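Spelled out, the chains give:
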Amino acid sequence: MTARMKFICDTERCIDCNGCVTACKNEHETPWGVNRRRVVTINDGIPGERSVSVACMHCTDAPCLAVCPVNCIYHTEDGIVLHSKDQCIGCGYCYYACPFGAPQFPETGLFNHRGKMDKCTFCAGGPEPDTSEAEFKKYGRNRIAEGKLPACAEMCGTKALIGGDANVIADIYRQRVETRGYGPELWGWKIAYGKPKRGGEIKATGDAPRENQNLKDSQNDTGRIPT
């Protein structure tokens, strides 16, 4: 069965150290002002304060994928949401559609003047050949092609942030909850991986081209998509 790669952030373990943020920027050498991952504190300074590491959640029914007018966003076979910067026109629709604020732009401005969109790639690169120089310059390091997990999850000191096969990381969290005797609802889990809000079955499963894409588009060339 094809893996469905996902993130979990255990808010009971996150200590707001920003190690995941630093690891991401160091691994991918992202430009100044672009943060693919960030740590957000909820209920700051009051009882119930929690910190959570936020980035692209690689949604099952990704809203960014649905609204992109040039179809530059796609699912890989592993369920990772990637995009083609060569096709991106910088319209910002994906930014407004994303419930996690994942899409980033190097510039601020009007339509088509904010640069190419950048976001978390689950350390899976982009449509260029795996581990190539062109892929690194546009999307950062392709750790998935190297058989590794995302840098942010590997560098988390408390293992609050875990990423990988959905069944494996869900089982890890379940064991933690059983050991603690309690566990808060997973932040963002239902939004990212729940049933489609528009109803019906999920069409973008990663195992075939979307109906509104041309077969010769780079994101539909399975030989160039990281798996």
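Cut-offs applied
- Residues numbered from 1 in each chain as written.
- Predicted model: local features only at pLDDT ≥ 70, side-chain atom pairs only at ≥ 80, totals over all residues.
- Heavy atoms only, no water.
- Helix = DSSP H or I, 4+ residues; strand = E, 2+ residues; numbered from the N terminus.
- Contact = heavy atoms within 4.5 Å.
- Areas by Shrake-Rupley, 256 points an atom, 1.4 Å probe, with all protein chains shown as cover.
- 1 Å grid on protein atoms, 1.4 Å probe; cavity = no way out; pocket = protein on both sides within 12 Å on 5 of 7 lines; lining within 4 Å.
- Points joined across faces, edges and corners; volume = space filled by probe spheres on them.
- Nonpolar A, V, L, I, M, F, W, Y, C, P; charged D, E, K, R; others polar.
- Buried < 20%, exposed > 50% of the residue type's maximum accessible area, 1.4 Å probe, protein only.
- Pairing = 2+ DSSP bridges.
- Polar contact = N/O pair within 3.5 Å; in protein donor to acceptor, adjacent residues only side chain to side chain.
- Arc of directions from axis to C-beta.
- Phe/Tyr/Trp six-rings, centres within 6.5 Å; stacked < 30°, edge-to-face > 60°.
- Lys NZ or Arg CZ within 6 Å of the ring centre and 35° of its normal.
- Salt bridge = Lys/Arg side-chain N within 4 Å of Asp/Glu carboxyl O.

## Things to note about the overall build of the chain
Scanning the chain for helices and strands turns up 7 helices and 6 strands. In sequence order, the chain lays out its α and β elements as β-α-β-β-α-β-β-α-α-α-β-α-α. Residue pairs in contact within the chain that sit at least 24 positions apart in sequence constitute 59% of those at least 6 positions apart. As presented, the chain carries roughly 11,800 Å² of accessible surface, and 53% of it is formed by carbon and sulfur atoms.

## Some points on empty space enclosed by the protein
The full count for this structure, using the stated rule, is 5 cavities of 30 Å³ or more. Of the pockets and cavities examined, the largest cavity occupies roughly 110 Å³. Lining the second largest cavity are 13 residues, and of these Cys24, His28, Cys120, Cys123 and Cys152 sit closest to its centre. Within the residue set of the lining of the second largest cavity, elements represented by two or more residues are α1 (19-28) and α5 (151-155). For the lining of the second largest cavity, the class distribution of residues is 9 nonpolar, 2 polar and 2 charged.

## As for unusual backbone geometry
Its identity is not glycine, yet Asp16 carries a phi of approximately 60°, on the positive side. Locating Asp16 in the fold gives a position in the loop between β1 (5-9) and α1. Even without a glycine there, the phi angle at His58 is positive, about 55°. For His58, the location among the structural elements is in the loop between β3 (50-54) and α2 (63-67).

## Some points on the pairing of strand β6 (residues 161-165)
The buried fraction of β6 amounts to 4 of the 5 residues, a majority that puts the element mostly inside the structure. As defined by bridge partners, β1 adjoins β6 across 5 bridges and the pair is classed as antiparallel. Its bridge partner being in β6, Lys6 is matched across the sheet by Gly164.

## A look at the side chain of Arg36
With respect to the element layout, Arg36 can be found in the loop between α1 and β2 (38-42). Separated by 3.3 Å, the side chain of Arg36 and the backbone oxygen of Lys119 make a polar contact. Of the polar contacts made by the side chain of Arg36, one reaches the backbone oxygen of Tyr139; its length is 2.9 Å.

## Details of α1
Among the residues of α1, Cys20, Val21, Ala23, Cys24, Glu27 and His28 are the ones counted as buried. Buried residues of α1 fall within an arc of 165° about the axis and therefore sit on the same side. The exposed set on the far side of α1, more than 90 degrees from its buried face, consists of Thr22 and Asn26. Next to the buried residues of α1 lie β2, β3, α4 (133-139), α5 and β6. Positive phi appears at Glu29, one or two residues downstream of α1, with a value of about 55°.

## Things to note about the packing of aromatic side chains
Under the criterion given, the structure shown has 2 aromatic pairs. A ring pair is formed by Tyr95 and Tyr96, whose centres lie 5.6 Å apart and whose planes are at 80°; its orientation type is edge-to-face. Note that Arg37 overlies the ring of Phe7, its terminal NZ or CZ placed 4.6 Å from the centroid.

## Observations concerning the pattern of salt bridges
By the definition in use, this model includes 14 salt bridges. Here Arg141 ties to Glu27 by a salt bridge, and the two come within 3.3 Å at their closest N and O atoms. Highlighted residues: Arg141 in the loop between α4 and α5 and Glu27 in helix α1, separated in sequence by 114 residues. By relative accessible area, which is 32% here, Arg141 ends up partly exposed. Arg143 is paired through a salt bridge with Glu27; the nearest N and O atoms lie 3.1 Å apart. Separated by 116 residues along the polypeptide, Arg143 in the loop between α4 and α5 and Glu27 in helix α1 bring together distant segments of the chain. By sharing partners, the salt bridges in this structure join Glu27, Arg141, Arg143 and Glu154 into a single network.

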